[in-house]
Structure formats: structure tokens, C-alpha cells
Amino acid sequence: MVMLLCDDTNGMEDFLDYFVRKLFLIKNNVSTYPALNGGDNGHGDLYRQDMTVDDKCNRPINFRVTWIYEHIEVRMITALIREVVKHGNS
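Here is a short report on the structure shown in this document. What you see is a predicted model; the values in this text were computed from it and never measured.

Thresholds, definitions, all that
Residues numbered from 1 in each chain as written. Predicted model: local features only at pLDDT ≥ 70, side-chain atom pairs only at ≥ 80, totals over all residues. Heavy atoms only, no water. Core = buried A, V, L, I, M, F, W, Y, C linked by side-chain atoms within 4.5 Å. Buried < 20%, exposed > 50% of the residue type's maximum accessible area, 1.4 Å probe, protein only. Helix = DSSP H or I, 4+ residues; strand = E, 2+ residues; numbered from the N terminus. Contact = heavy atoms within 4.5 Å. Salt bridge = Lys/Arg side-chain N within 4 Å of Asp/Glu carboxyl O. Pairing = 2+ DSSP bridges. Patch = residues over 30% accessible without salt bridge, like charges linked within 9 Å, V, L, I, M, F, W, Y side chains within 5 Å. Areas by Shrake-Rupley, 256 points an atom, 1.4 Å probe, with all protein chains shown as cover.

Before going further, it helps to spend a moment on the nonpolar core. By size, the foremost hydrophobic cluster in this structure holds 8 residues: L25, I26, M51, V53, I61, F63, V65 and W67. Those elements that provide at least two residues to this core are α1 (11-29), β2 (45-54) and β3 (60-70). Leave out the neighbours within four places in its chain, and V65 touches I26, Y47, R48, Q49, M51, M76, T78 and A79.

A few words now on the pattern of salt bridges. One pass over the structure, following the stated rule, counts 4 salt bridges. Put simply, R64 and D50 hold a salt bridge, and the shortest N to O gap is 2.6 Å. Remark: D50 occurs in strand β2 and R64 occurs in strand β3; sequence separation between them is 14 residues. The salt bridge partner of E70 is R75, with a shortest N-O separation of 2.5 Å. Judged by relative accessible area, which is 36%, R75 ranks as partly exposed. Through salt bridges with shared partners, a single network forms among R48, D50 and R64.

The pairing of β3 with strand β4 (residues 73-82) spans 9 bridges and is antiparallel. Counterpart to E70 in the pairing with β4 is E73. Hairpin connection, β3 to β4: the antiparallel pair is bridged by 2 residues, and H71 has positive phi, about 55°.

Turning our attention to the environment of V53. With respect to the helices and strands, V53 occurs in strand β2. Expressed as a C-alpha distance, the spacing of V53 and N28, which sit 25 residues apart in the sequence, is 9.7 Å. Those residues in contact with V53, other than ones at most four positions away along the chain, are L25, N29, R59, P60, I61 and F63.

Turning next to the pairing of β2. Pairing analysis gives 4 bridges linking strand β1 (residues 36-40) to β2, with the strands arranged antiparallel. What sits directly across from G39, in β2, is L46. As consecutive antiparallel partners, β1 and β2 are separated by 4 residues, and within that stretch G42 has a phi angle of approximately 95°, a positive value. Bridging between β2 and β3 involves 10 bridges; their strand directions are antiparallel. Directly across from L46, in β3, lies its bridge partner I68.

Quick look at a nonpolar patch on the surface now. On the surface, F15, L16, F19 and V20 cluster together to form a nonpolar patch covering roughly 380 Å² of accessible area. Of note, F15 is situated in helix α1.

Next comes the structure, spelled out in C-alpha cells:
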């Protein structure tokens, strides 16, 4: 697996810090991107968001985030980092 992000991790503590920083990016940008309704899965309504945010080195990160609305509560189910496709000579 190739890491496209500039902040390398060394050990579990660094990984957890890295993970928390990515969740912070999602939280700060969640209201900027539309959520698409994925229907009801029997436990609640599912929603999907695709967002692109820059890391601390100003490189784009594509996230796909899945949410569930269940009994007056919204929870994040998954957050995936998707590969950024470069076009041209960059």
C-alpha cells in the first residue's frame, strides 16, 4: 500500500495521532459536501459523502464517508481514503 500523505507514522501512537487528524479533517468539512441518501438498511437511513480536502502539505485527500441516521442519532460508519488520480504530467 502506498501512502500518499506527507506525514509518515512510526508506531501505534503516531498512527492514532494520524487517524485523529484525518477524522478532524472530515469533521471540519462535513457541512461543505452533500450527502447522498443510500436508503434504509433496516437499522436506519444510510448516507454517503465524497469529499476532497487538503492535508497539511496541501495535497488532496479523497474521502468517502458513510453515515447512518438511526433513532434521532447520526453516526459515522466508515471513512475510506480513496486514491487521488492525477491527470497530465503531474
